[in-house]
Amino acid sequence: MLGTLTLLFNLSLRNIVRYRRRNFFLFAAIAVAVGGTTLSNSLIRGWQVDMLETAVSGLSGHIKMQAPGFADDPSLQRAFSASTNVVLDDQLPVAGIAKRINLPAVISSERETRGVAMIGIDPADEAISLYRDFEVSGETLAGPDDGRLLIGKALAETLQTKIGRRVVMIVEGADGKSRERGYRIAGVFDSPTNWPEEALVFTGLQALQDTLATVGLDNPITELSVVLVSDEDRPSAAEKLRDQHPQLVVKDWRQMQPQIAEIVDVVDATMVIWFILIMSALTFGLVNTLIATVMQRTQELGMLRALGMNKQLLLIQVVMECVGIMVVGVIAGLMLGVLLVFGLGEGIDLSAFSESAEAFGMSTFLKPVLTVEDLLLFGGLSMLVGLFASFFPARRALKISPLMAMNR
Amino acid sequence: MSDNTASDTPVVYCQDVQRIYQQESVPVYALRGANLTITAGEFVSLAGPSGSGKSTLLNVIGGLDGFDAGEVTVGGTSLGALNASELAQMRLEKVGFVFQAYNLIPVLSARENVEFILQLQGVSSQERQERANSALQSLGLGDLGDRRPGELSGGQQQRVAIARAIVTEPVLLLADEPTANLDSKTTSELLEVLQQLNQQQGMTIVTATHDPIVMSYTSRQVAMMDGEIHQDSAMAS
Ligand SMILES: Nc1ncnc2c1ncn2[C@@H]1O[C@H](COP(=O)(O)OP(=O)(O)OP(=O)(O)O)[C@@H](O)[C@H]1O
Ligand SMILES: [Mg+2]
């Protein structure tokens, strides 16, 4: 039996070579379709990864803990102690934890006044948030006790102020009264997306705590943001944190940004649907050519039947030929796709469309992401399509009787 | 499958064989009661006008086509009761075929074409090579084994087809107009090959033909007309 299969395999291979001209076009069509979808899907995947990263790095982290009621009425009276322990086991590795005070504030220069979020941070903790992507001119915050400000470039332009100048911030203190205080601008940051530049103002956490006085809490903060190594660990990590801190509200980024969560979910389905659409268009051409290959050889295949080859063996031969063409085309296509993705390198600059891009939670650079899982998925799906397409020529081949070997 | 090839059993036995095709629901009588008995070692030509049923009779005997009435036995095996895959097995084991055209697998070399059928029979690689080489040798094709059919002349191709047909040592060799595409010189050469095969190895051969030259090489001439045996040199004598 193995000998017979080797024989049929050999025969199929040689027949593929025999019709190399026609098969070349078939290979090319398959390769371009598979390569093109690999590329476009890697961009979609890249978009998804980018959105997820943006969602997580935008201060929320994978999981954020706040005191009850803070979301509706953000004030220092709803703070909790930074001594709160976050304990997760080894199975749920943590990339980092950031403790912040994040309060609505008003910033004024001599010329303009704006509403912003005043965020007290320990700069050392912020490697997990969008803070790490800032390009700062002037000086960065030196540490949690640095009482100067870091403001966005867009905000600096609006306020018509610059590095080294003073601005006034009004924030509500722990006692419910507004504190008005002058600050010096240490540096101005440039962010890949625009909104942090307009809406966020950073200062040292400890310095801010000192300014606002406390609520009888040791080291008060309003939020604790946890970034995990993998998004897959998020549900179990959130569960654990909820058990550990029943007095706090534990939310993950999907709850905080439900629209983005929905888009991220839709992307997986979109990729498969897109791939299937392209492949079905291809299948028509494939089926056509494969049927022609069989019809053209009716007498030859009839001769094989006449010699005593049974139907099953004839069927195996035809299917092997079709799948063989598919395998070569798909492998070429995947390689083409990988080449295209590498050719794209750093990605596509979307800054020309940046406003609409940002509306979708994207950064202005689209970087393709190619995963082994995706490649295997496309490869596997293509093989299924090939098997499906071979059904039609195979059915045709089954109708070939030994009598068709005769020259009538 | 009984395999009775004792010398008194005919290689081919046809009794009142009928084959009726439905052509747009009009019955066409391709065979209307053909009777023919062929014993081992005969070289038989089937002649007759176009449409007289020569090919149909050969196809029925070779198990390529079914029949609607009568009895057909080949090498002691009655074909009427066999299903499609049993017929395929019967062809593989008992009958060698040479067709008018499209005899060979174009992507295989002459030797591979001959070996192919042995491979279907499950013969070991060592034995395959030996048998294929000696079959090619006996047909004067020793040097051409590595060529593909496209690189061979029509006469050479037909000889490869004969080599393939006899390499399995069938009880019967069927050839439907094997010389129809050949010029007269090549036709004579091929007929000599068939004649030698018949005379030296005792191969039983049945060939359908239009060509009077073919009949001059055969040991028995049968003429068909309207789906029946019309004349038979064996009966006449
Ligand atoms: N598959 C078929 N369907 C319908 N009619 C057929 C079929 N095969 C053969 N016939 C008819 O049966 C009759 C006998 O055909 P057959 O091919 O046996 O003749 P033949 O003697 O071989 O003719 P030729 O010398 O032209 O080859 C013819 O009338 C033919 O049209
Ligand atoms: Mg005929």
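Trainee: Got a minute to help me understand the nonpolar core in this structure?
Mentor: Generally speaking, soluble globular proteins have nonpolar side chains that are buried together. Among the nonpolar cores identified, the biggest contains 124 residues, and Leu57, Phe116, Ile162 and Leu173 of chain B are the most heavily contacted of them. In terms of residue count, the dominant contributor to this core is helix 8 (residues 258-296) of chain A (13 residues). Composition of this core by domain shows at least three residues from each of domain 1 (2-55 + 261-407) and domain 2 (62-253) of chain A. Residues in contact with isoleucine 162 of chain B, not counting those within four places in the same chain, are Val98, Leu139, Leu190, Val193, Leu194 and Leu197 of chain B. Ranked by size, the runner-up nonpolar core spans 41 residues in total, among them Ala79, Ala156, Leu224 and Ala238 of chain A.

Trainee: Looking at this structure, I do not really get the side chain of arginine 14 of chain A. What am I missing?
Mentor: Tracing the backbone through its elements, the reader meets arginine 14 of chain A in helix 1 (residues 2-18). Among residues more than four places away in sequence, those in contact with arginine 14 of chain A are Val107, Leu108, Ser109, Glu112 and Arg148 of chain B.

Trainee: Could you clarify how one ought to interpret helix 6 (residues 184-201) of chain B in this entry?
Mentor: Because each turn of an α-helix spans 3.6 residues, side chains separated by three or four positions in sequence point in the same direction. Residues and elements named next belong to chain B. With 18 residues, helix 6 extends 25 Å from end C-alpha to end C-alpha; this agrees with the ideal 26 Å at 1.5 Å per step. Those residues of helix 6 lying buried are Thr186, Thr187, Leu190, Leu191, Val193, Leu194, Leu197 and Asn198. Down the axis of helix 6, the buried side of the element spans an arc of 150°, and every buried residue falls inside it. Set apart from the buried face of helix 6 by more than 90 degrees, the exposed residues are Ser184, Lys185, Gln199 and Gln200. Along its buried surface, helix 6 packs onto strand 3 (43-47), helix 5 (154-166), strand 7 (172-176), strand 8 (205-208) and helix 7 (212-217). Of the residues that open helix 6, the one with a side-chain oxygen 3.2 Å from the backbone nitrogen of lysine 185 is aspartate 183.

Trainee: It is not clear to me how the sheet that holds strand 8 of chain B should be interpreted in this structure. Could you clarify?
Mentor: Backbone-to-backbone hydrogen bonds pair the strands of a sheet. The strands run either parallel or antiparallel. Residue and element names in this part refer to chain B. Judged by pairing direction, the sheet is mixed, and its 6 strands sit side by side in the order 6-7-8-3-9-10 without closing on themselves. What marks the edges here is a single partner per strand, and that holds for strand 6 (95-98) and strand 10 (228-232). The sheet shows a mean angle of 20° between the axes of neighbouring strands, direction not considered. Pairing of strand 9 (residues 220-225) with strand 10 involves 4 bridges; the strand directions are antiparallel. The residue bridging valine 222 from the neighbouring strand is aspartate 232, located in strand 10. Sheet strands in contact with helix 1 (residues 54-61) are strand 3, strand 7, strand 8, strand 9 and strand 10, and its direction is about 150° off that of strand 7.

Trainee: Would you take a moment to explain the pairing of strand 1 (residues 12-23) of chain B for this structure?
Mentor: Within a regular strand, the side chains alternate between the two sheet faces. Residue and element names in this part refer to chain B. Where strand 1 lies against strand 2 (residues 26-38), 10 bridges are found, and the strand directions are antiparallel. Across the sheet, residue isoleucine 20 finds its bridge partner in strand 2, namely tyrosine 29. From the end of strand 1 to the start of strand 2, which pair antiparallel, there are 2 residues, and glutamate 24 there has a positive phi angle of about 50°. Sheet topology places strand 1 next to strand 4 (residues 69-74); 5 bridges connect them, and they run antiparallel. Within strand 4, the position partnered with cysteine 14 by the bridge is valine 72.

Parameters and conventions
Residues numbered from 1 in each chain as written. Chains lettered and ligands numbered in written order. Predicted model: local features only at pLDDT ≥ 70, side-chain atom pairs only at ≥ 80, totals over all residues. Heavy atoms only, no water. Core = buried A, V, L, I, M, F, W, Y, C linked by side-chain atoms within 4.5 Å. Buried < 20%, exposed > 50% of the residue type's maximum accessible area, 1.4 Å probe, protein only. Helix = DSSP H or I, 4+ residues; strand = E, 2+ residues; numbered from the N terminus. Domains from an automatic or database assignment. Contact = heavy atoms within 4.5 Å. Expected span 1.5 Å × (residues − 1). Arc of directions from axis to C-beta. Polar contact = N/O pair within 3.5 Å; in protein donor to acceptor, adjacent residues only side chain to side chain. Pairing = 2+ DSSP bridges. Axes fitted to C-alpha atoms, helices over the stretch in contact; angles between N-to-C directions.

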